[in-house]
Amino acid sequence: MAEMTYREAISKGLREALETDERVFLMGEDIGAYGGAYAVTRGFLKEFGPRRIKDTPISESVVVGAGIGAAMAGLKPVVELMTINFSLLAMDQIVNNAAKLRYMSGGQLKVPLIIRTVTGGGAQLAATHSQSLEGWYASVPGLKVAVPSTPYDALGLLRAAFEDENPILFAEHALLYGLRGDVPAERYTVPLGQADIKRFGKDVTLVAYSRMTHVALRAAEELAREGVEAEVVDLRTLRPLDKERIIQSVKKTSRCLVIEETWRTGGFGAEVASMIQEEAFDYLDGPVARLGGADAPMPYSRSLEMAAIPDEKKIIRTLKEVVGI
Amino acid sequence: MKVVEKIEKKQVAEFYRQMLLIRRFEEKAAEMYMRGKIRGFLHLYIGEEAIAVGAISVLKPEDYIVTHYRDHGHAIARGMDPKVIMAELFGKATGSSKGKGGSMHLFDASKNFLGGYAIVGAQLPIAVGLALASRQLQNGRVVLCFFGEGAVNEGEFHESMNLASLWKLPIVFFLENNLYGMGTHIDNTHAGGRDVYKAVGDYNMASHRVDGMDVMAVHEATLEAVDGVRSGEGPFFLEALTYRFRGHSMADPINYRDKAEEAEWRRKDPIDSLKRWALEEGVLTKNYVETIEEGVEKELQAAVEFADQSPDPPLDSLMQDVYA
C-alpha cells in the first residue's frame, strides 16, 4: 500500500499503459514540453519520446477526431482536452463520431479512445472555465463517462478504461489533483459501472460523484454529530450507471439526496432521482431531493462562486427542508 | 479526355463499368425513393462519377478511404457490393450497416472504407487520425479523404490541414468542388475565390487542380499525389471541378441554378465522354461496351431484388452495437 495523490495515481495509470501497450499514445495541448496544464504528464515527453507523447495545436476538434481515427485503425489513443470547457469545440467529434461509429457501421468499427479532461469549478476561473459538463456526455449512448473522486478510483478506473473497447470520457476534477489517498501495490481495477459506498449509514443516502463525494462525506460527518447516519454513494461512472447499488442503498435508508456540482436544471442528478423514484418508490419516506449548482453562469468573485457550488451547509439544509431529516 | 500513356484497355473498361454502375445505381436509387422503398435523405452522385472511380483506382487494398454523405459512388468504386448498399438504403437487415446507417453512413471495414460522414467536414479529422496511425505503425498506408467545397469553410477543415501538414501525414485531401453547398453558390460562401486548391498554400501543402469530369485525368493526378504522399512527402491537396447533375438531395427542386449552366456541364458528362473517346480511339469495341452495359443492368437488377426481398432488421437489434 502506498499513499499518493490523485494526480500521481493518474500519471501512474498512464505510465503503466505506455510501458505495457505499444498501441497507447498520448496527444493533446501542452502535454509534452509543458508537462500538462495540471502536470499529470510531467516528464513523459523525456521518458517516452515525441512518438508517444504528442503536443498538438489548440485545435480540439481535430485532436479528438484524430484520436477517433487512430483508434479505429487499431491504436489506443489517449487524447487530453485541457478542460471539459474546451470539449465544446470538439463536441461534434465526441457526440457524432466517437459515440456513433460503431452503431452506424452495424458493429463493423470500434473506437477504443480515452478522452481525459478536467472538470469542475471552485478555482475562481469564472463562467467559461468552471463547468461540469460530464452529465451532458453521459446522456449520449455509445459513450462511457468516468468521474473518479479518489486516487484509488482514478487509477482503477483508468486501468479499466484502457481495457475497454469503447470511447470513454475520463473527467478528472481540477480541485482533486492534490488529494492524497491509499493505493495498493498490487494491480487492481475499478470496473466501469460500479458505484462505491464511501460511507455506510442507515438514515439517509447521499448520492454524489467526483468532488461532491467529499463534500457529501463532510456533511455526513456533521450529521453524525446530530445522530443521523448518512450513507454516501459515489457513482464513479455516470455511464454505465450502477442503478443496483443506488437502489439497494435507498431501500435501506428510505431517504435520498442527489448532489452534483453542475446546474440543477437538466443535471444528471435528475436522471438519478427519477430512476430512484421509479424503482424504489414504495421504500421512500420522503421526496428524493436534489442539490445542484446555482442556475447561473459561474461568477468570478470568491463569495459568489462559493454560493453557487453545493457545500456541506447546503446539503444539511436541503436534507432538513426537503428530505425531512 | 486526357490521354494517359500506358493505360491498359482493361483499366479503361473498368473505369467505364464502375462509372456506369454508379450512375445506374443512383438512377435506380432515385426510382426506389420515388416508390417509397428508400426514405430519409438520398444524395445522388450523378455527374461526379469520374472522381470516385479515377481516384480510388489508385489505392491499394490496405489504404483507407473516408468521405462525405454523398457516398454511394465512393463505396461502389471501392468495390462494395451494390447489393448490400442497396439493402442498406432500403433499411434492411442485410445492408452494410444492418439497416442502422442508411444512405449517408456507408461503411465496409473489410475494404478499409471507413465511412460516409454526414456532418460537413467531420471526416477530415478522422482522416488525420487514420494517417497518424499509419505513421505510428509504419505500415505505409495512405488515406484518401473526400469532401466538398462546403467543408472548406468549416473550422475543422483548417484544423485538419494544419495538423496534417505539420505532422507530414500520408493523406490525399480530395476536394470535390461541385460549386454548390446545398443551394448556395461558392461565390457567396468562400472569400478565397474559385481557386480553392490554392487556399492550402498557407499550410505549406502542395496542391493541384484537375478536371473532375475526366476519369483519366483524375486517375493520373491521384496517382502522382498518392506516390508523393506514400513516399513521405506529407499530405497533398487535390481539387476536382465537377457538377452534380441532380439536386442536393431528392428533396431539392433546384431552383437556384441556371439552366444554361446545367446544360453546359451535362455536355461534359464523364461517362459519355469516356465512352465516345474509347470507341473513337478503338480502345474498346462497341460489342464490349454493350457487354459491360448489360452486366451493369443485371447486377443492379439483382441488387434491387436482393434489397427488396431482404428482411427488415429484427427489433431486438435496436440495442445491439451501441457498445463494443
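Here is what the cut-offs are and how they apply
- Residues numbered from 1 in each chain as written.
- Chains lettered and ligands numbered in written order.
- Predicted model: local features only at pLDDT ≥ 70, side-chain atom pairs only at ≥ 80, totals over all residues.
- Heavy atoms only, no water.
- Phe/Tyr/Trp six-rings, centres within 6.5 Å; stacked < 30°, edge-to-face > 60°.
- Helix = DSSP H or I, 4+ residues; strand = E, 2+ residues; numbered from the N terminus.
- Buried < 20%, exposed > 50% of the residue type's maximum accessible area, 1.4 Å probe, protein only.
- Lys NZ or Arg CZ within 6 Å of the ring centre and 35° of its normal.
- Pairing = 2+ DSSP bridges.
- Axes fitted to C-alpha atoms, helices over the stretch in contact; angles between N-to-C directions.
- Contact = heavy atoms within 4.5 Å.
- Domains from an automatic or database assignment.
- Buried area = accessible area lost by both parts, 1.4 Å probe.
- Salt bridge = Lys/Arg side-chain N within 4 Å of Asp/Glu carboxyl O.
- Polar contact = N/O pair within 3.5 Å; in protein donor to acceptor, adjacent residues only side chain to side chain.

**Some words on the packing of aromatic side chains**
Piece 1. A full pass over the atoms with the stated rule returns 13 aromatic pairs over all chains.
Piece 2. Measuring from centroid to centroid gives 4.2 Å for Tyr152 of chain A and Tyr188 of chain A, while their planes differ by 10 degrees, and the two rings are stacked. Placement of Tyr152 of chain A in helix 7 (residues 151-163) and of Tyr188 of chain A in the loop between strand 8 (180-183) and strand 9 (196-199) is noted, with a sequence separation of 36 residues between them.
Piece 3. Tyr152 of chain A gets classed as partly exposed once you look at its relative accessible area, which sits at 31%.
Piece 4. Residue classification places Tyr188 of chain A among the buried positions, given a relative accessible area of 11%.
Piece 5. Its guanidinium or amino end placed over the ring of Tyr188 of chain A, Arg159 of chain A lies 5.0 Å from that ring's centre, counting from NZ or CZ.
Piece 6. Of note, Lys268 of chain B hangs over the ring of Trp265 of chain B, and the distance from its end group to the ring centre comes to 4.0 Å.

**A look at the pairing of strand 8 of chain A**
Residues and elements named next belong to chain A.
Piece 1. Every second residue of strand 8 is oriented toward a common face, the buried set being Gly181 and Val183 and the non-buried set Arg180 and Asp182.
Piece 2. Bridge analysis of strand 1 (residues 2-5) against strand 8 gives four bridges, and the strand direction is antiparallel. Residue pairing for strand 8: Ala2 is matched across the bridge by Val183.

**Describing the sheet that holds strand 5 (residues 114-119) of chain A**
Two modes of strand pairing occur in sheets, parallel and antiparallel, and in both the strands are linked by backbone hydrogen bonds.
All names here are of chain A.
Piece 1. Spatial ordering of the open sheet is given by 3-2-4-5-7-6-12, a layout of seven strands whose pairing is mixed. Looking along the sheet, the strands with just one partner apiece sit at the ends: strand 3 (53-55) and strand 12 (237-239). With strand direction ignored, the average angle separating the axes of adjacent strands in the sheet is 20 degrees.
Piece 2. Alignment of strand 5 against strand 7 (residues 168-173), held across six bridges, turns out to be parallel. Paired with Arg116 across the bridge in strand 7 is Phe170.
Piece 3. In the packing of helix 7 onto the sheet, the strands contacted are strand 2 (24-28), strand 4 (76-81), strand 5, strand 6 (144-146), strand 7 and strand 12, and the crossing angle to strand 7 comes to about 165 degrees.

**Here's the deal with the domain arrangement of chain A**
Residue and element names in this part refer to chain A.
Piece 1. Along its sequence, chain A is organised into domain 1 (2-183) and domain 2 (196-323).
Piece 2. Each of domain 1 and domain 2 has a C-alpha centre, and these two points are 26 Å apart.
Piece 3. Interface of domain 1 and domain 2: buried area, both sides summed, is about 2,300 Å²; carbon and sulfur atoms make up 58% of it.
Piece 4. Inspection of the region where domain 1 meets domain 2 yields two salt bridges.
Piece 5. Residue Asp153 pairs with Arg236 through a salt bridge whose shortest N-O separation is 2.9 Å.
Piece 6. Where domain 1 meets domain 2, there are 18 residue pairs in polar contact (both at pLDDT 80 or more).

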